[in-house]
Structure formats: C-alpha cells, structure tokens
Amino acid sequence: MTIKISKKIKGYSVEKPSDKAAQVTTTLAPVVVAPEAPTALVIQMHEKVERPDTLIGATYKIKSPLFEHALYVTINDIVLNQGTAHELRRPFEIFINSKNMDHFQWIVALTRIMSAVFRKGGDVTFLVEELKAVFDPRGGYFKAGGVYMPSIVAELGAVIEQHLKMIGMIHDPDLSPEQRALIAEKRAAYEQGTKKKPDLSDARETSSPGDVAAATSAREPAGSSAFPPGATLCQKCNTVASILMDGCATCLNCGYSKCG
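Overview of the structure.

The rules we used
- Residues numbered from 1 in each chain as written.
- Predicted model: local features only at pLDDT ≥ 70, side-chain atom pairs only at ≥ 80, totals over all residues.
- Heavy atoms only, no water.
- Pairing = 2+ DSSP bridges.
- Helix = DSSP H or I, 4+ residues; strand = E, 2+ residues; numbered from the N terminus.
- Axes fitted to C-alpha atoms, helices over the stretch in contact; angles between N-to-C directions.
- Contact = heavy atoms within 4.5 Å.
- Salt bridge = Lys/Arg side-chain N within 4 Å of Asp/Glu carboxyl O.
- 1 Å grid on protein atoms, 1.4 Å probe; cavity = no way out; pocket = protein on both sides within 12 Å on 5 of 7 lines; lining within 4 Å.
- Points joined across faces, edges and corners; volume = space filled by probe spheres on them.
- Nonpolar A, V, L, I, M, F, W, Y, C, P; charged D, E, K, R; others polar.
- Polar contact = N/O pair within 3.5 Å; in protein donor to acceptor, adjacent residues only side chain to side chain.
- Parallel < 35°, antiparallel > 145°, perpendicular 65-115°, else oblique.
- Left-handed = near helix turned anticlockwise from the far one by under 90°.

### Here we look at the sheet that holds strand β3 (residues 88-97)
Okay, so step 1: Spatially, three strands are ordered β1-β2-β3 in an open sheet, and the strand pairing comes out antiparallel. Either end of the sheet is taken by a strand with one partner, and the two such strands are β1 (56-62) and β3. Neighbour to neighbour, the strand axes of the sheet diverge by 20° on average, direction disregarded.
Okay, so step 2: Of the pairings in the sheet, the one linking β1 to strand β2 (residues 71-80) comprises seven bridges and is antiparallel in character. Bridge pairing in β2 links A58 to I75.
Okay, so step 3: Relative to the sheet, helix α2 (residues 104-120) contacts β2 and β3, its axis offset from that of β3 by approximately 170°.
Okay, so step 4: Strands β1, β2 and β3 of the sheet are contacted by helix α4 (residues 152-167), whose axis makes an angle of about 145° with β1.

### Comments concerning the pattern of salt bridges
Okay, so step 1: Evaluation of the coordinates by the stated rule reveals eight salt bridges.
Okay, so step 2: Ionic pairing is found between D77 and R89, a salt bridge with its closest N-O pair at 2.8 Å. With D77 in strand β2 and R89 in strand β3, this pair connects stretches of sequence that are 12 residues apart.

### Remarks on empty space enclosed by the protein
Okay, so step 1: By the definition in use, this model includes one cavity of 30 Å³ or more.
Okay, so step 2: The volume enclosed by the largest cavity comes to roughly 50 Å³.
Okay, so step 3: Looking at the largest cavity, the residues that line it are I62, L71, V73, I96, W106, I107, I152 and L156.
Okay, so step 4: The set of elements that each furnish at least two residues to the lining of the largest cavity consists of β2, α2 and α4.
Okay, so step 5: By residue class, the composition of the lining of the largest cavity is eight nonpolar, no polar and no charged.

### Some words on the sheet that holds strand β8 (residues 248-251)
Okay, so step 1: As summarised here, the arrangement of the three strands in space is β6-β7-β8, forming an open sheet in which the pairing is antiparallel. Because the sheet does not close on itself, it has two edges, and the strands there are β6 (232-233) and β8.
Okay, so step 2: Summarising the sheet, β6 and strand β7 (residues 240-245) pair through two bridges and their orientation is antiparallel. Bridge assignment links T232 to a residue of β7, and that residue is S242.

### Some details on the side chain of N100
Okay, so step 1: Within the secondary structure layout, N100 lies in the loop between β3 and α2.
Okay, so step 2: Of note is the side chain of N100, whose polar atom sits 3.1 Å from the backbone nitrogen of D102.

### Details of the packing of α2 against α4
Okay, so step 1: Two numbers describe how α2 lies on α4: the axes approach to 13 Å, and their chain directions differ by 30°. In terms of orientation, α2 and α4 fall into the roughly parallel class. Judged by the twist between their axes, the crossing of α2 over α4 is right-handed. For the pair α2 and α4, contact is made by W106, L110 and M114 and by I152, V153, L156 and I160, respectively.
Okay, so step 2: Of the residues belonging to the contact of α2 with α4, the class tally is seven nonpolar, no polar and no charged.

Below, the structure is given as structure tokens:
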C-alpha cells in the first residue's frame, strides 16, 4: 500500500502492535461481541471414572441342565452425563452368584476381567461374540424357546448381549415387512403340507392318544413348541426353527436361507 507524504519529516518512532490496536479501538465504534454459549463437557467411559454410591442394573437367571443350581448374573450400569442430551448408560461391573461352588474360581476370574473391560470404555460389544463362541466338549443344551447353547459360557454371552440391547449399545435390526410376510407364507405352506401327511393320522387310528403325544414330543427339543415339529437347528440364530421347503432351508425365526 503506497502512502503519499505531503509534509516534511521532522522525526520518527516505531509503532508497536499494541499501540495500533489501542488506537483502532479508540477511533472506531465499539463492536458488541455476543457471548459464546457454554459448551457442555461430554464425559465418556474410561477407567478413571469413579464409581458412584448407587448404580442401576438388572439380574438375569441362567438355568442350565449342566448345573444343579441356577446362576444369577447381575450387571450394574453407570449413567454418564445424566440429565443432558448426551446421557449414556454403560455397563460398569458384573457379578455371578450361585449355590454351586464347583466353578467358583473361573467365575470370579471371568467377572473381574469383564468388569475391568467395562471400565476401560470404548466398544465392549466384542465380549458377546467371544463368549458365544465357547463350546463345551461334553456338548451343549437347548434352553427355553428351542435355542441351542453350546456351553454355559455361551449363554452368559447371550445374557450380556440381551443387556447391551436393553441399554442401547447393540441394535438388533428388525425384519422388514416383506421378510415377515415371506416367513409367514413359508410357515403356513409348511404346516399345510405336514397336515396332508398320513403318519400321525394313521398313528392315531392304531395307537392311543398318549402314545401319539409321546412320539410327537420325542422328536422336538424342549421349548420348541413355537415352531413346527419338523423344524431343525438354524445355523445363524441357533434356534430350532429351520424348515425345508422346495429343497431350500429357511429359518422361521430370523429369516436366514441358503437360497438367498
């Protein structure tokens, strides 16, 4: 920028930036600056978060034929940023109680490790898949509803998954209306086809009602009455709800099919 000098220079001095700013402030009209809105400090889960005196949680009962006594799983949650738009509910600790003391050591070790993982924060949903992938060499069992559990540790993973879904850390995608309509159509067609088979009708003519009921219940696992008797185990959801129609296996619970 070029400045034209019209008078004789008699002296000079070095102007400091602070002096220039003060001069501009005094010569220009004052500018009203709007105060900044206070920003809320969002607290995320980490290991330095102190445990409050009171926690909220839920207790789940696990009744397995492998154990004489039931297991009671308690998961306590901490509420972060309570009362704000950033309110979060995150698992903080887990306890397992039972009258059965045969597996006391590994139960205590497992709960302490999982509680430490919970307090670390971040994505703790990986625990579900890790626990559900544990298989018992003696074989698994069927729980209520016809769901197969490969081990007691796998059912513990299912309990944690249920709890994480409840607090919103895991979102289970619902079936679309088209998938539900297809599953209902497949189930109706399958049940209609099984009614035409003469095996049970012939058995009713030659056997007593008690024998027919015993033969029918022996072919299906405990708790699988919600699905047709001829259903098999689904490879995706581990539920006895897969039927074979037109050479294609389709699950009536999750909609999984090898044919797409």
